[in-house]
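# Structure at a glance
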Amino acid sequence: DNLFNSKQSVVGRIEKITGKPCPFIKCDLLDEGKLDEVFERNKFDAVIHFAGLKAVGESCENPLLYYYNNVVGTVNLCNAMKKYNVSRIVFSSSACVYGNDARPPISETAVLNPANPYGRTKKVIEEMLRDLTKADENLTVISLRYFNPIGAHESGLIGEEPNNTPNNIAPILLDVLTGRRKEFSIFGGDYDTADGTGVRDYVDVRDLAAGHILSLEKVKRTGFHVYNLGTGKGVSVLELLHSFEAASGRKIPYKITPRRSGDVDTYFADCGKAQAELDFQTKYNIKDMCQSMWKFAEKNLGKEEDADEDF
Ligand code: UFG
């Protein structure tokens, strides 16, 4: 991790949760020299590649930043893997590779037509990784297309805490609940959905984490493999808002504003392939996701520094 959008104190918390040492190296994938050192000094069975920028709006304003960081970073990582004979990689892809015309439930065979530079970096990386598997018969690539990840670890020790202003619904709702924002804006109340608000496939980060482990355990074949990770169920903005209210016991003041450009009414996964091939079954529902995020928020958000000794 280059700690661009995270804190080093998280490492100690991970050790607390797992009861195991968690060696950490601060390294940016764009720093080829340091990356080479990391691979030289360690022996890796596989790589799980989470390092990427992920804000859709920012990627439209600064596409070069996104192509440089996400695509070049992955090129550097693959070069190091090749040099040091590491032949398995799990890549964090995104449901946004499908774009806005995809009709739910969206399966892995849907046409890829991402609507923004961020999504296009994910598509380009997937294409590059697929090409690499064609040129190297020993290579295994597993690309996991996340739907809308929310939730936190149930200990309240680790969760989402963006350094910049959040763009995604869950951290914004938490900002309202913790008083950092006055009210929540629902982007559009006239969608063709049961309550008129947008519907998404929110998936708990704990289920996502399990999906990565399963993919490393279950995928034995070389080549390029792609899986959707979601719940297969759609939840509306209003349903999520009410679930955060229930979890926190607080009201969330909101107003309905015009639609956000580029948003679609309904987007959810067909998870059949991950279920069949990885035994991927989600354990956590919307209530669990909101409760875990609220627990993390209460313990951490708005606090000056991570007081690790408190835990
Ligand atoms: N929303 C609001 N108000 C807000 C923020 C969001 O009403 O202040 C609504 C959106 O209109 C949408 C839903 O909440 O209906 C979810 O919005 P997010 O911005 O949290 O997520 P998106 O579905 O737009 O996109 C996210 C990620 C992408 C990823 C995509 C895949 O930001 O990177 O999920 O499904 F690709």
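Everything here concerns the structure above.
Residues numbered from 1 in each chain as written. Predicted model: local features only at pLDDT ≥ 70, side-chain atom pairs only at ≥ 80, totals over all residues. Heavy atoms only, no water.

## Notes on helix H1 (residues 9-18)
Every buried residue of H1 is accounted for by Ser-9, Val-11 and Arg-13. Considering only its buried residues, H1 is in contact with helix H10 (286-300). Looking one or two residues past H1, Gly-19 carries a phi angle of roughly 70°, positive in sign. (Buried < 20%, exposed > 50% of the residue type's maximum accessible area, 1.4 Å probe, protein only. Helix = DSSP H or I, 4+ residues; strand = E, 2+ residues; numbered from the N terminus. Contact = heavy atoms within 4.5 Å.)

## A few points about the pattern of salt bridges
For the coordinates displayed, the defined rule picks out 16 salt bridges. Between Asp-175 and Arg-181 there is a salt bridge; the shortest N-O distance is 3.7 Å. Between Glu-245 and Lys-251 there is a salt bridge, with the nearest N and O atoms lying 3.8 Å from each other. Overall, the relative accessible area of 10% leaves Glu-245 in the buried class. What makes Lys-251 exposed here is its relative accessible area of 69%. Put simply, Glu-154, Asp-204 and Arg-206 are held in one network by salt bridges that share partners. (Salt bridge = Lys/Arg side-chain N within 4 Å of Asp/Glu carboxyl O.)

## What about the nonpolar core?
One finds Leu-173, Leu-174, Phe-184, Tyr-202, Leu-240, Phe-244 and Ile-252 to be the most contacted residues of the largest nonpolar core, which totals 27 residues. Within the residue set of this core, elements represented by two or more residues are helix H6 (169-177), strand E5 (184-187), helix H8 (237-248) and H10. In this structure Leu-173 touches Phe-184, Leu-240, Leu-241, Phe-244 and Ile-252, once residues within four positions along its chain are discounted. Grouped together as the second largest cluster of nonpolar side chains are 21 residues, Phe-91, Leu-129, Phe-224 and Val-226 included. (Core = buried A, V, L, I, M, F, W, Y, C linked by side-chain atoms within 4.5 Å.)

## Brief notes about the site of the ligand
As a matter of local geometry, the ligand sits amid 21 residues, with Ser-94, Cys-96, Ser-185, Arg-200 and Asp-263 nearest to it. With respect to the ligand, the backbone of Phe-187 contributes an N or O atom lying 2.9 Å from an oxygen atom. The separation between an oxygen atom of the ligand and a polar side-chain atom of Arg-200 is 2.7 Å. Alone, the ligand offers 680 Å² of accessible surface; in the complex the protein occludes 90% of this. Mapped onto the shell around the ligand, the elements with two or more residues apiece are H6 and E5. Sorting elements by how many residues they give to the shell around the ligand places E5 first, with four residues. When the residues that make up the shell around the ligand are grouped by side-chain class, the tally is twelve nonpolar, six polar and three charged. (Near = heavy atom within 4 Å. Polar contact = N/O pair within 3.5 Å; in protein donor to acceptor, adjacent residues only side chain to side chain. Areas by Shrake-Rupley, 256 points an atom, 1.4 Å probe, with all protein chains shown as cover. Nonpolar A, V, L, I, M, F, W, Y, C, P; charged D, E, K, R; others polar.)

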